[in-house]
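The primary structure of each chain is shown beneath.
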Amino acid sequence: MSEIPVVPRKSATWRSRWVRLAAVAASVLLLAAIGLRGKLPDPRAFTDALGGAHWGWILGAVVLQIVSLACFAFQERHLMTAMGASIRKRRLFAIILARNAISISVPAGPAVSTGYAIREYNRAGVPSEIGTVCAIVSGLASIGGLTLLYTGGAAALLTHNSATTLNWRPLAVVAGLVAIVATLVALGRRRPSRDLLDRVPPSGRVPRYVHGLLLTARAAWHAGAGLRIRDWAAVVGYSAVNRLTDLLCLIACTRALGLQISLITLATIYLGVQIVRQVPLTPGGIGVIETALVAGLTTAGATAITATAAVLIYRVISCWLLIPAGGIAALMIRRR
C-alpha cells in the first residue's frame, strides 16, 4: 500500500516566511547600527529634537515619498503598455515595493531586485523580453531624470543669481551621460547585423546560458531603442518627477526640524549624495548616505543634532520603512 504524501500546513509555511522577513529586518537594523555607530549626537538632545518636529511637514514628506514610488510604477506601466503588455496596477505597485525592499536590503541589491522584478512581471503575464526592456530603459531613464533635475537646478541657480559661476565638472558629467544615452539609443535603432551571437550556440551548459543571456539583452536593447520619442519623453519625465519628489521629501524633513537652509543648497546636497549612493558600499547606502547628508547639512549651517534628526526622519521614510512594506508586499504576491 502506497504511502500518502504529507502536505505541509499553510500556517507553517507562513510562519517560516515571517521568520525570514524578521531576519531581514534584524539584519538591516544591525547594518544601520554599525553604519551610524559614533555618528549620532547626545541621545537626550537628539530625542528632544525629534520630539519637537512639526508633524505636518513629516506627513507631507510621507505623501511625497508615496508619489515618488507611484511615479516609478507609472514609468514601468507606460513602458509595458508601449510594448503591448499589461499588468494590474495593484500587482505592479506590490512588485515595485518588493523590488525596492530587495534593492536596499541585500548586497548587490539593484541587480537582484531587477531579476526579481523581471520574474514577477513574467508571472503576471508580461513576457521576459519586455521585462528586460523595462529594466534597461528604466536605467537609462534614471540617468535622464537625474540630468533633467540637475539642469533645472542649474537654471534656477543662474536665474536666482546671474553672477553665480557653475563648476564645469558636474556639467561635463551631465553632458557625458547625455552623450552616452544618445549613442546607445542611436546604435540600438540600427538594424542588427549578423555577428558572433547569431552563430551556432557554443557547447557546454554555462556557455549556452551566457549566450542566451547575451541574445536576450541584445534583443531588449534594440527593442528599447526602438521606442517612440514620446515614450522616451514620458519615461524620462516620470523619472525626473520621481527624483524631484524624493528631493522635496528631504526638504520637508528639514523644514519639520526648523532648518531654514535654502532650497538651492538642499538641492546641491541632494544631487551630491546621488553620486555617492551610486557606489554600493553597503546595502541601500546605509551609513554612507546618512553620513553624507549630515555632513552637507552641518556645512550649510545646521547643528549636528538637528541635521541628524532631519536625516533620520528622511531615511526612515525613504528607505527603512520600505523594507518591511516591501517584505509584506512580496509575501502577498507569493500568496496570490
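Residues numbered from 1 in each chain as written. Predicted model: local features only at pLDDT ≥ 70, side-chain atom pairs only at ≥ 80, totals over all residues. Heavy atoms only, no water.

### Things to note about the pattern of salt bridges
Okay, step 1: Using the criterion set out here, one finds 5 salt bridges in the structure.
Okay, step 2: The partner of Glu76 in a salt bridge is Arg99, and the shortest N-O contact between them spans 3.6 Å. Of the two residues, Glu76 sits in helix H3 (residues 55-82) while Arg99 sits in helix H4 (residues 89-103), which places them 23 residues apart along the sequence.
Okay, step 3: Residue Arg123 is joined to Glu120 by a salt bridge in which the shortest nitrogen-to-oxygen separation is 3.3 Å. Residue Arg123 and its partner Glu120 are both found in helix H5 (residues 109-123); the two are separated by 3 residues, about one turn of the helix.
Okay, step 4: Judged by relative accessible area, which is 54%, Arg123 ranks as exposed.
Okay, step 5: Linked through salt bridges whose partners overlap, the residues forming this network are Arg119, Glu120 and Arg123. (Salt bridge = Lys/Arg side-chain N within 4 Å of Asp/Glu carboxyl O. Helix = DSSP H or I, 4+ residues; strand = E, 2+ residues; numbered from the N terminus. Buried < 20%, exposed > 50% of the residue type's maximum accessible area, 1.4 Å probe, protein only.)

### Concerning the packing of helix H10 (residues 263-276) against helix H11 (residues 288-299)
Okay, step 1: Across the interface, H10 lies against H11 with an axial gap of 10 Å and an inter-helix angle of 155°. By the angle class used here, H10 and H11 are roughly antiparallel. Between H10 and H11 lies a crossing whose hand is right-handed. Contact residues: H10 offers Leu266, Ile269, Val273 and Val276, while H11 offers Val288, Ile289, Ala292, Leu293, Gly296 and Leu297.
Okay, step 2: When the residues that make up the contact of H10 with H11 are grouped by side-chain class, the tally is 9 nonpolar, 1 polar and no charged. (Axes fitted to C-alpha atoms, helices over the stretch in contact; angles between N-to-C directions. Parallel < 35°, antiparallel > 145°, perpendicular 65-115°, else oblique. Left-handed = near helix turned anticlockwise from the far one by under 90°. Contact = heavy atoms within 4.5 Å. Nonpolar A, V, L, I, M, F, W, Y, C, P; charged D, E, K, R; others polar.)

### As for the side chain of Ser318
Okay, step 1: Take Ser318: it is sitting in helix H12 (residues 304-320).
Okay, step 2: Apart from residues no more than four positions distant in its own chain, Ser318 is found in contact with Gln65 and Asp246.

### What to know about the confidence of the model for the protein
Okay, step 1: In this model, the protein carries a mean pLDDT of 78, and residues with pLDDT of at least 70 account for 69%.
Okay, step 2: Within the protein, the element-level pLDDT minimum falls on helix H1 (residues 10-35), averaging 57, and the maximum on H3, averaging 93. (pLDDT = per-residue confidence, 0-100.)

### Considerations on the packing of H4 against H5
The relative placement of two packed helices comes down to the angle between their axes together with the axis-to-axis distance.
Okay, step 1: Two numbers describe how H4 lies on H5: the axes approach to 8 Å, and their chain directions differ by 160°. Classed by the angle they form, the pair H4 and H5 counts as roughly antiparallel. The way H4 lies across H5 gives a crossing that is right-handed. Listed contacts from H5 to Arg91, Leu92, Ile95, Ile96, Ala98, Arg99, Ile102 and Ser103 of H4 are Gly109, Pro110, Val112, Ser113, Thr114, Tyr116, Ala117, Glu120, Tyr121 and Arg123.
Okay, step 2: Residue composition of the contact of H4 with H5, by class: 10 nonpolar, 4 polar and 4 charged.

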